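# Structural description and commentary
Chain residues, written in single-letter form:
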Amino acid sequence: TQRISKLESGHQLWWRCARTVLSRLVNDLCRRARGIEGTVGADEIEREKGSFMKLSFMKIQQLLQEEDDARFAFEEITDYIGESFMELRKVYKAYGAMGGGGSTMSMAEFLMLVRDCKLIDKKFTSQDVDLVFIKTNIEIDEVTGERVEIAMNPNKALTTTEFVEAIVRVSHGFYKSRLKQPLITCIKRVME
């Protein structure tokens, strides 16, 4: 009788623990889906930050033609992206979760983000945003500049790296002709 009583109390303790763990897990997943910081480890955050900062010079060098020093401007943009990582991450997670998933951002979700930021008008239209999405989704080899296919990269969605590139392209498209300032100024304006 005493042994059965100990087993029953152990079983009840195990179930209480399991309910607590499941509750925290579901709560954490719900927070992430809403774009709120969950209980993510520092190593995971650093890995994510690295993927946000993998901007390709080859893909955006066309946007840097008017800059005095294209390489310096690229480094400046990359540094700013690193500083703005947490904000970019929250936006990416929140808008990526709107379509039911959260690991990538679809064209509709990206268009919704651009519209919510009031970055569409008569000069920069939703068709321009579609072109930004398509150009961003093309993968090129960093050495040769030729188009390549990457198996782990979906063609109809933005990964974290592509999301950052798309923000840079939208910044250039919407503000470059209006502000007549360096691209980094345009990006900062979009982030504000």
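Residues numbered from 1 in each chain as written. Predicted model: local features only at pLDDT ≥ 70, side-chain atom pairs only at ≥ 80, totals over all residues. Heavy atoms only, no water.

This paragraph deals with the nonpolar core. Core analysis: the largest hydrophobic core is formed by 40 residues, its most contacted members being Leu 55, Leu 64, Ile 77, Phe 110, Phe 163, Val 168 and Leu 183. Taken together, the elements giving at least two residues each to this core come down to helix H2 (42-52), helix H3 (57-60), helix H4 (70-83), helix H5 (85-96), helix H6 (107-116), helix H7 (126-136), helix H8 (160-179) and helix H9 (183-191). If you tally residues by element for this core, the top one is H8, at eight residues. Beyond its immediate stretch of four places on either side in the chain, Leu 64 contacts Phe 57, Ala 70, Ala 73, Phe 74, Ile 77 and Leu 183. (Core = buried A, V, L, I, M, F, W, Y, C linked by side-chain atoms within 4.5 Å. Buried < 20%, exposed > 50% of the residue type's maximum accessible area, 1.4 Å probe, protein only. Helix = DSSP H or I, 4+ residues; strand = E, 2+ residues; numbered from the N terminus. Contact = heavy atoms within 4.5 Å.)

Moving on, we get to the pattern of salt bridges. For the coordinates displayed, the defined rule picks out six salt bridges. Glu 165 is the partner of Arg 169 in a salt bridge, and the nearest nitrogen-oxygen pair spans 2.9 Å. On the criterion of helical spacing, the pair formed by Arg 169 and Glu 165 is a turn pair, its members being four residues apart in helix H8. Arg 169 gets classed as buried once you look at its relative accessible area, which sits at 10%. Taken together, the salt bridges that share partners define one network made up of Glu 48, Arg 89 and Lys 93. (Salt bridge = Lys/Arg side-chain N within 4 Å of Asp/Glu carboxyl O.)

The next subject is the packing of aromatic side chains. Each pair of aromatic rings is reported with the distance of its centres and the angle of its planes. Taken as a whole and judged by the stated rule, the model has eight aromatic pairs. Here the aromatic rings of Phe 52 and Tyr 92 are separated by 5.9 Å at their centres, their planes lie at 85°, and the arrangement is edge-to-face. Taken together, the residues span a long stretch of sequence, with Phe 52 in helix H2 and Tyr 92 in helix H5 at a distance of 40 residues. You can call Tyr 92 buried: its relative accessible area is 3%. With a centroid separation of 5.3 Å and 80° between ring planes, the pair formed by Phe 57 and Phe 74 is classed as edge-to-face. Of the two residues, Phe 57 is situated in helix H3 and Phe 74 in helix H4; the sequence distance between them amounts to 17 residues. Neither residue differs from the other here; Phe 57 and Phe 74 are each classed as buried. Clustering of aromatic rings is evident, with ring pairs tying together Phe 52, Phe 85, Tyr 92 and Phe 163. Here the guanidinium or amino end of Arg 71 rests over the ring plane of Phe 57, the centre of that ring lying 3.8 Å away. The ring of Phe 174 carries the charged tip of Arg 178 above its face, separated from the ring centre by 3.9 Å. (Phe/Tyr/Trp six-rings, centres within 6.5 Å; stacked < 30°, edge-to-face > 60°. Lys NZ or Arg CZ within 6 Å of the ring centre and 35° of its normal.)

Another aspect to go through is a nonpolar patch on the surface. On the surface, Leu 22, Leu 25 and Leu 29 cluster together to form a nonpolar patch covering roughly 300 Å² of accessible area. You can see Leu 25 is positioned in helix H1 (residues 2-33). (Patch = residues over 30% accessible without salt bridge, like charges linked within 9 Å, V, L, I, M, F, W, Y side chains within 5 Å. Areas by Shrake-Rupley, 256 points an atom, 1.4 Å probe, with all protein chains shown as cover.)

The next point concerns unusual backbone geometry. In this structure, Lys 118 is a non-glycine residue whose phi angle is positive, near 55°. Within the chain, Lys 180 stands out as a residue other than glycine whose phi angle is a positive 50°. Inspection of the secondary structure assignment puts Lys 180 in the loop between H8 and H9. Relative accessible area serves as the criterion here: at 67%, Lys 180 is assigned to the exposed category.

Quick look at H8 now. The α-helix winds at 3.6 residues per turn, so residues separated by three or four positions along the chain end up facing the same way. The first and last C-alpha atoms of H8 sit 27 Å apart over 20 residues, in line with the 28 Å expected at 1.5 Å per residue. The axis of H8 is deflected most strongly, by about 35°, at Gly 173. For H8, the tally of buried residues reaches 14 of 20 residues, placing the bulk of the element in the interior. Backbone geometry just after H8 places Lys 180 at a positive phi near 50°. (Expected span 1.5 Å × (residues − 1). Bend = angle between axes of the 7 residues up to and from the residue.)

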